[in-house]
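Examination of the molecular architecture
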Amino acid sequence: MIKTRLAATALFCALLATTATAKDHPGDESIKSGGYHGPETCEECHPGTARKFLDTVHWKHASKVTNVEGLDPGKEYGMKNRIYVMCNGNDIVNNLKEIPKSPDTGKTKFTGCNTCHPGNHLSDVGSSGPEAEKAIDCLICHSAEYDFSSRKPFKDAKGRVVMGQDRSTKSALTVGRPKVKNCMACHEAAGGGVVVKRGFAFTKETDVHAAKGMVCVDCHRAQDHKIATGLDPNNWANDGTLISCADAACHGAKPHKDPDLNRHAAKVACQTCHIPRTGGAFAKDFTEWEKGSDGFYEPTTLRKEANDTTPVYAWYNGTVANSAHFIGPKGNRSDAKSRITPFKIFQGKAYFEEKSGELLSMDFAPPMANGDTRAGVESASRTLGMKNPAQVAQKAVTGWQTIYFGSNHLVTKTKALFCANCHAPNGVLRFKELGYTDQEVVKLTNPDLYMKKLAERQREEW
Amino acid sequence: MKNQLTLFAACAVLLLSLFAFVIPASAEDVKMVGTISKLVVAPDGKSATAVLKDTKSGQEVTILVTDELTLDKFKDKRIVEGDEIRCKFEKLDGKNDSKIFKKTAGC
């Protein structure tokens, strides 16, 4: 019964999807005759959209955060103001600007964290009012034929740094639901290069959902541009709506025919079995930058492709430990809300304040031009209004911070972990470290647990 | 008859397994970082050639790109001439077949 209903829903969704792509956007005629002039063109038929957009994480790069320790519940946190070692800068200290000339080449370039913001930089992260509404780049998420050569920073006649946008009528005539590439325009190269930060590619080879033709917003549904997300320990800003694999609209809590698998879901997160690999950068050094072929410097980064690395497993109840040297999951075996969850582990080296031990942030402009990382710390400290920035930078000590990133894509069915992947003595879980007693570990690694089932499966397969 | 068939099947399997060994042995995976000096998308849009200038040796290497995702990035100019690329390619029949073709830059 449930199965037929599921199949019917799937069919319905598939039909919806095809009709949605087949049908033209009803605004086309009007856009064609009047041309595209930014959000006000869309507002003719979608009134209030731009104003509401200004109240989302995608515009503000910040929100109230309730699940992370040590934060002020009255303040907003996000890429706008956070300090952590994947980026070591943020929209404030590493604001988009033209960097000093490279002593080697005499050339300069533009860089800054807020290049990943759908505004024009004059109306920047978190700005509001009519000018901000007009500055939104609707097409970056909605055009199927966005011309990315327009999305570049440049200096206007007044010498201000502006982030360019494609505002052509041609691109506005391909408006529709956001496609994977629209979202990936920013999400793919976050953290300093393709796949670096989150370690996932969303392709038919790397994700079952992509293979079925699903797109980001099939799961990340949005209301008034508030996009639903999960509880990645290092993704703090959120628009207040959560999604999880076990949502009734997706798979529910008992998706398997095999009751043995369903039983595990109480203690083992879906992701643990279904996302057995991860990828991306696993270590970065912000204190020593490497010179690239163009004469500019970048933080030294050890990087891997999607599915090239293994995750680390920990109990997680959705609340987050947050200190200068660790950002990661809280939880334990005896907590009913905790489940064993996979994480992409990452370590970054940066500067810490000599006395307080707090992690310091960095303006990338100085080190990018000449490799002087302490000058980057000094500039950031000055922007933040710290006392005696030069001294802060000089006395800063180096150290590492470890981050557990959520690992929620790269989903597989065929390579999902099965009994022996965990219960064999060389299984992926370290039962002892997860809090099981020696006696329990003996039981949990006894082949009696899976012998019959795996033998049966072997007979079926051969 | 039945025996002959089994023999045939066995030979086929043997041959296939031979190929399975031979192909990866002769193909050579090469990794490089280089800047695109020339990018040409075929008129049918199904392939493209990119000339990469190796940042280490300065040598120019012509890479054949056929995967849809990268081709799409050429079409909407997410990847353009002058961009620095991390590339892994396989030398096959005198062609350099791209396996990984990604911009080094990010944000």
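Predicted model only: the values in this text are computed from it and were never measured.

1. Quick look at the pairing of strand 2 (residues 48–54) of chain B
All names here are of chain B. Counting buried positions over the seven residues of strand 2 gives five, a clear majority of the element. Of the pairings in the sheet, the one linking strand 1 (residues 28–41) to strand 2 comprises seven bridges and is antiparallel in character. Bridging from a neighbouring strand, Thr 35 pairs with Lys 53 of strand 2. Here strand 1 hands over to strand 2 after six residues, with Gly 45 in that stretch at a positive phi of 75°. Linking two consecutive strands that pair antiparallel, namely strand 2 and strand 3 (residues 60–65), is a turn of five residues; a positive phi of about 80° is found at Gly 58 within it.

2. Details of helix 9 (residues 180–187) of chain A
Listed in full, the buried residues belonging to helix 9 of chain A are Val 180, Lys 181, Asn 182, Cys 183 and Met 184 of chain A. Elements in contact with the buried residues of helix 9 of chain A: helix 7 (138–142) and helix 11 (216–219) of chain A together with helix 2 (68–75) of chain B.

3. Regarding the nonpolar core
Counting residues in each nonpolar core, the largest one holds 41 residues, and the members touching the most others are Tyr 84, Met 86, Trp 236, Trp 289, Phe 346, Met 362 and Ile 403 of chain A. For this core, the secondary-structure elements that each account for two or more residues are strand 9 (278–291), strand 11 (312–316), strand 14 (339–352), helix 14 (365–370), helix 16 (389–395) and strand 15 (397–406) of chain A. Apart from the residues within four sequence positions on either side, Trp 289 of chain A is in contact with Tyr 297, Glu 298, Pro 299, Thr 300, Met 362, Phe 364, Pro 367, Met 368 and Thr 373 of chain A. If you look at the next biggest cluster of nonpolar residues, it comprises 17 residues, including Met 32, Ala 50, Ile 85 and Phe 89 of chain B.

4. Remarks on the side chain of Thr 373 of chain A
Among the secondary structure elements, Thr 373 of chain A is positioned in helix 15 (residues 373–383). Separated by 2.7 Å, the side chains of Thr 373 of chain A and Tyr 351 of chain A make a polar contact.

5. A short note on the confidence of the model for chain B
Residues and elements named next belong to chain B. Here chain B averages 83 in pLDDT, while 75% of its residues score no lower than 70. Of all the helices and strands in chain B, helix 1 (residues 2–26) carries the lowest mean pLDDT, 46, while strand 3 carries the highest, 98. For residues 7–25, every residue scores under 50 in pLDDT, and the model assigns this stretch one contact once sequence neighbours within four places are set aside. Across the predicted assembly, pTM comes out at 0.93 and ipTM at 0.86.

6. Focus: the domain arrangement of chain A
All names here are of chain A. Along its sequence, chain A is organised into domain 1 (192–416) and domain 2 (418–462). The C-alpha-based centres of domain 1 and domain 2 are spaced at 29 Å. Taken together, the contacts link ten residues of domain 1 with eleven residues of domain 2. Summing both sides of the interface, domain 1 and domain 2 together bury roughly 890 Å²; the carbon and sulfur share of this comes to 55%. Per-residue buried area on domain 1 facing domain 2 is highest for Tyr 313, Arg 333 and Ile 340; these three make up 50% of the total on that side. Between domain 1 and domain 2 we count three salt bridges in total. The partner of Lys 453 in a salt bridge is Asp 258, and the shortest N-O contact between them spans 2.6 Å. The interface formed by domain 1 and domain 2 holds six residue pairs in polar contact (both at pLDDT 80 or more) in total. Taken together, the elements giving at least two residues each to the side of domain 1 that touches domain 2 come down to helix 12 (259–264) and strand 11. Per-class residue counts for the side of domain 1 that touches domain 2 are six nonpolar, one polar and three charged.

7. Quick notes on the interface of chain A and chain B
Contacts between chain A and chain B engage 19 residues on the former and 17 residues on the latter. Here chain A packs against chain B, burying approximately 1500 Å² in sum over the two surfaces, 51% of which is carbon and sulfur. Taken together, the links from chain A to chain B amount to five salt bridges. Between Lys 102 of chain B and Glu 305 of chain A there is a salt bridge, with its nearest N and O atoms 2.4 Å apart. Run the count over chain A and chain B and you get nine residue pairs in polar contact (both at pLDDT 80 or more). Among the residues forming the side of chain A that touches chain B, the class breakdown is seven nonpolar, seven polar and five charged.

8. Focus: helix 15 of chain A
Residue and element names in this part refer to chain A. Considered for burial, the residues of helix 15 that qualify are Thr 373, Gly 376, Val 377, Ser 379, Ala 380 and Ser 381. Packing partners of the buried residues in helix 15 comprise strand 9, strand 14, helix 14 and helix 16. For helix 15, the N-terminal cap is Asp 372; the gap from its side-chain oxygen to the backbone nitrogen of Arg 374 is 3.3 Å. Once helix 15 ends, the next one or two residues include Gly 385, with phi positive near 75°.

What counts and how
- Residues numbered from 1 in each chain as written.
- Chains lettered and ligands numbered in written order.
- Predicted model: local features only at pLDDT ≥ 70, side-chain atom pairs only at ≥ 80, totals over all residues.
- Heavy atoms only, no water.
- Buried < 20%, exposed > 50% of the residue type's maximum accessible area, 1.4 Å probe, protein only.
- Helix = DSSP H or I, 4+ residues; strand = E, 2+ residues; numbered from the N terminus.
- Pairing = 2+ DSSP bridges.
- Contact = heavy atoms within 4.5 Å.
- Core = buried A, V, L, I, M, F, W, Y, C linked by side-chain atoms within 4.5 Å.
- Polar contact = N/O pair within 3.5 Å; in protein donor to acceptor, adjacent residues only side chain to side chain.
- pLDDT = per-residue confidence, 0-100.
- Domains from an automatic or database assignment.
- Buried area = accessible area lost by both parts, 1.4 Å probe.
- Salt bridge = Lys/Arg side-chain N within 4 Å of Asp/Glu carboxyl O.
- Nonpolar A, V, L, I, M, F, W, Y, C, P; charged D, E, K, R; others polar.

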